[in-house]
Amino acid sequence: MTQQYKSAVKGNWYNGYSPIERDNKFKVLKKLIAAGTLPLASGPCALCSDPDIPVEYHSEDYGEPYLWEPPAMYCLCRSCHRYKLHQRFWQQSLWLSFIAHVRRGGYSRDLKQADIKQEVETCRHAIEQGQIFTLSPLRPYQNIVGLEWFANLRIDAASLTDPASRLNRDSLLNKE
Ligand SMILES: [Zn+2]
């Protein structure tokens, strides 16, 4: 992938939604928060489960009518949101090793500790070599591995602009 294409797509298109579509939802989100209709994002982080970290809204879906709750929207800590989830197309092994870290009960902020960071780096290299590396547990994991909302997200850059990567609106709107 060329650097030019990468910068054109990065941080713009997502899940088959254009920058304009994404921006439109974001503008409505800001209005609803300002009006008090929607609460500010609150934790725990829906990716790493950290209960004591500031979080921000992340949308997986930008279709109308807008939806403001999972699976269309999640509250994520900044590190999970900006440096893991949205980077997964360009740093796939980083993403996969980070999910392994989350599943051993790791928070994003744990990676500030040198020994933990090093262990996840080792895991990342193992993934790149097609090998298995088991991280030592940090905390009990509350979710079912493989059924998390982030378990099977596409990590190919083509998914950013691919209309087929949009969430199924029918199932979103008909959910109880
Ligand atoms: Zn997080």
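Scroll up a little and you will see the structure.
Residues numbered from 1 in each chain as written. Predicted model: local features only at pLDDT ≥ 70, side-chain atom pairs only at ≥ 80, totals over all residues. Heavy atoms only, no water.

A. The arrangement of the coordination of the zinc ion in detail. The zinc ion binds to the protein through Cys45 (SG), Cys48 (SG), Cys77 (SG) and Cys80 (SG); the donor distances cover 2.3 to 2.4 Å. Here the zinc ion binds four donor atoms, and the angle range of 102 to 117° at the metal identifies the geometry as tetrahedral. Counting along the primary sequence, the residues that act as donors to the zinc ion give the motif C-x2-C-x28-C-x2-C. Of this pair, Cys45 sits in the loop between α2 (19-35) and β1 (55-59) while Cys77 sits in strand β2 (residues 73-77), and the two are 32 residues apart along the sequence. Take Cys45 and Cys77: they sit in the same class, and that class is buried. (Donors = N, O, S within 2.8 Å, 3.2 Å for Na, K, Ca; no water. Tetrahedral: all angles 85-135°; square planar, octahedral: opposite > 155°, others 65-115°. Helix = DSSP H or I, 4+ residues; strand = E, 2+ residues; numbered from the N terminus. Buried < 20%, exposed > 50% of the residue type's maximum accessible area, 1.4 Å probe, protein only.)

B. Examining the side chain of Arg124 more closely. The topology assignment puts Arg124 in helix α5 (residues 114-128). Residue contacts for Arg124: discarding those within four places in its chain leaves Gln91, Ser93, Leu94 and Ser97. (Contact = heavy atoms within 4.5 Å.)

C. The pattern of salt bridges, seen in detail. Throughout the structure, instances matching the rule amount to 12 salt bridges. Between Glu56 and Arg82 there is a salt bridge; the shortest N-O distance is 2.9 Å. Of this pair, Glu56 sits in strand β1 while Arg82 is found in helix α3 (residues 78-85), placing the two residues 26 residues apart along the sequence. Note that Arg104 is salt-bridged to Glu119, the shortest N-O span being 3.1 Å. Note that Arg104 is positioned in the loop between α4 (92-103) and α5 and Glu119 in helix α5, a separation of 15 residues in sequence. Under the relative-accessibility criterion, Arg104 is labelled buried at 5%. A relative accessible area of 17% means that Glu119 is categorised as buried. Within the structure, one salt-bridge network assembled from shared partners comprises Glu121, Arg124 and Glu128. (Salt bridge = Lys/Arg side-chain N within 4 Å of Asp/Glu carboxyl O.)

D. Broad picture of the side chain of His58. Within the fold, His58 resides in strand β1. Only 3.4 Å separates the side chain of His58 from the side chain of His86, close enough to count as a polar contact. The residues contacting His58, other than those within four sequence positions of it, are Tyr14, Ala72, Met73, Tyr74, Leu76, His81, Leu85, His86 and Trp149. (Polar contact = N/O pair within 3.5 Å; in protein donor to acceptor, adjacent residues only side chain to side chain.)

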